[in-house]
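In case you want the letters, here they are:
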Amino acid sequence: QVQLTESGGGLVQAGDSLRLSCEASGRTDNIFSMGWFRQAPGKEREFVAAVSMISGNAVYGDSVQGRFSITRDTAKTAVAMHNAKTKTAAYLQMNALRPWDTAVYICVADEAYSSSHVYPADFQFWGQGIRVTVSP
């Protein structure tokens, strides 16, 4: 199994930046993509971003394109494989935050990556979520 632990949420003002982290533990060898969804009160879950753990290629939701950036740490590169301390993690850098970015942000992971994987059903592993609140 895979466990996902999010950190970095909190309360910020509009225009501020925030960086979320998600670290995977357990059978991380099976993880080939990590990403984020978010869910605001009374709204459906929304895709935010996902990244390939191999190539670093990323895909973003329309509402965050150009403001958010997702990166990853992985043991799946030739250099990292020789470093026993390499984590399996994803990071979401959120810039120019707006009040409508307020939501619970949920880390996800899966055993495959595709730029078309933007739906909840595309991700097998889910974190508990972390709250981000953006005040006007």
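Residues numbered from 1 in each chain as written. Predicted model: local features only at pLDDT ≥ 70, side-chain atom pairs only at ≥ 80, totals over all residues. Heavy atoms only, no water.

A few words now on the overall build of the protein chain. A tally of regular secondary structure across the protein chain gives zero helices and 11 strands. Starting at the N terminus and walking to the C terminus, you meet the elements of the protein chain as β-β-β-β-β-β-β-β-β-β-β. Considered along the principal axes of its C-alpha atoms, the protein chain spans approximately 45 × 30 × 25 Å. Across the 136 residues in the protein chain, those meeting the buried criterion constitute 40%. Partitioning the intrachain contacts of the protein chain with sequence separation of at least 6 by distance along the chain shows that 60% fall at a separation of at least 24. Surface summary for the protein chain: the accessible area is close to 7,100 Å², and the carbon and sulfur share equals 48%. Distance from the positive charge centre (12 side chains) to the negative charge centre (12 side chains) of the protein chain: 5 Å. (Helix = DSSP H or I, 4+ residues; strand = E, 2+ residues; numbered from the N terminus. Buried < 20%, exposed > 50% of the residue type's maximum accessible area, 1.4 Å probe, protein only. Contact = heavy atoms within 4.5 Å. Areas by Shrake-Rupley, 256 points an atom, 1.4 Å probe, with all protein chains shown as cover. Lys, Arg positive; Asp, Glu negative; His and termini not counted. Charge placed at Lys NZ, Arg CZ, Asp CG, Glu CD.)

Right, let's talk about the state of the cysteines for a bit. According to the stated counting rule, one finds one disulfide in the structure shown. Paired by a disulfide, C22 and C107 hold their sulfur atoms 2.0 Å apart. When the S-S torsion is -85°, as for the bridge of C22 with C107, the disulfide is left-handed. Residue C22 is found in strand β3 (residues 18-26), and its partner C107 is found in strand β9 (residues 103-110); the two are separated by 85 residues along the sequence. The same class applies to C22 as to C107, namely buried. (Disulfide = S-S within 2.5 Å.)

Moving on, we come to the packing of aromatic side chains. On inspection of all chains with the given rule, the structure shows three aromatic pairs. With centroids separated by 5.6 Å and ring planes inclined at 80°, the aromatic side chains of F37 and F123 adopt a geometry described as edge-to-face. Of the two residues, F37 is situated in strand β4 (residues 33-39) and F123 in the loop between β9 and β10 (125-126); the sequence distance between them amounts to 86 residues. Take F123: its relative accessible area is 5%, and that puts it in the buried class. Relative accessible area serves as the criterion here: at 0%, F37 is assigned to the buried category. (Phe/Tyr/Trp six-rings, centres within 6.5 Å; stacked < 30°, edge-to-face > 60°.)

Its place among the elements puts S21 in strand β3. Residues contacting S21, with those up to four places away along its chain left out, are T5, E6, S7, W36, A90 and Y91.

Turning to the environment of W36, a few remarks are in order. Mapped onto the secondary structure, W36 falls in strand β4. On the accessibility criterion, W36 (0% relative accessible area) is buried. On a C-alpha basis, the gap between W36 and Q128 in space is 12 Å, while along the polypeptide they are 92 residues apart.

With that out of the way, let us pick up the confidence of the model for the protein chain. In the predicted model, the protein chain carries a mean pLDDT of 91, and the fraction of residues at 70 or more is 91%. Overall, residues 80-84 carries pLDDT values under 50, and its contacts beyond four positions in sequence, including any with other chains, amount to four contacts. (pLDDT = per-residue confidence, 0-100.)

Residue placement: M53 occurs in the loop between β5 (46-52) and β6 (58-60). Residues M53 and A112 lie 59 residues apart in sequence; the distance between their C-alpha atoms is 9.3 Å.

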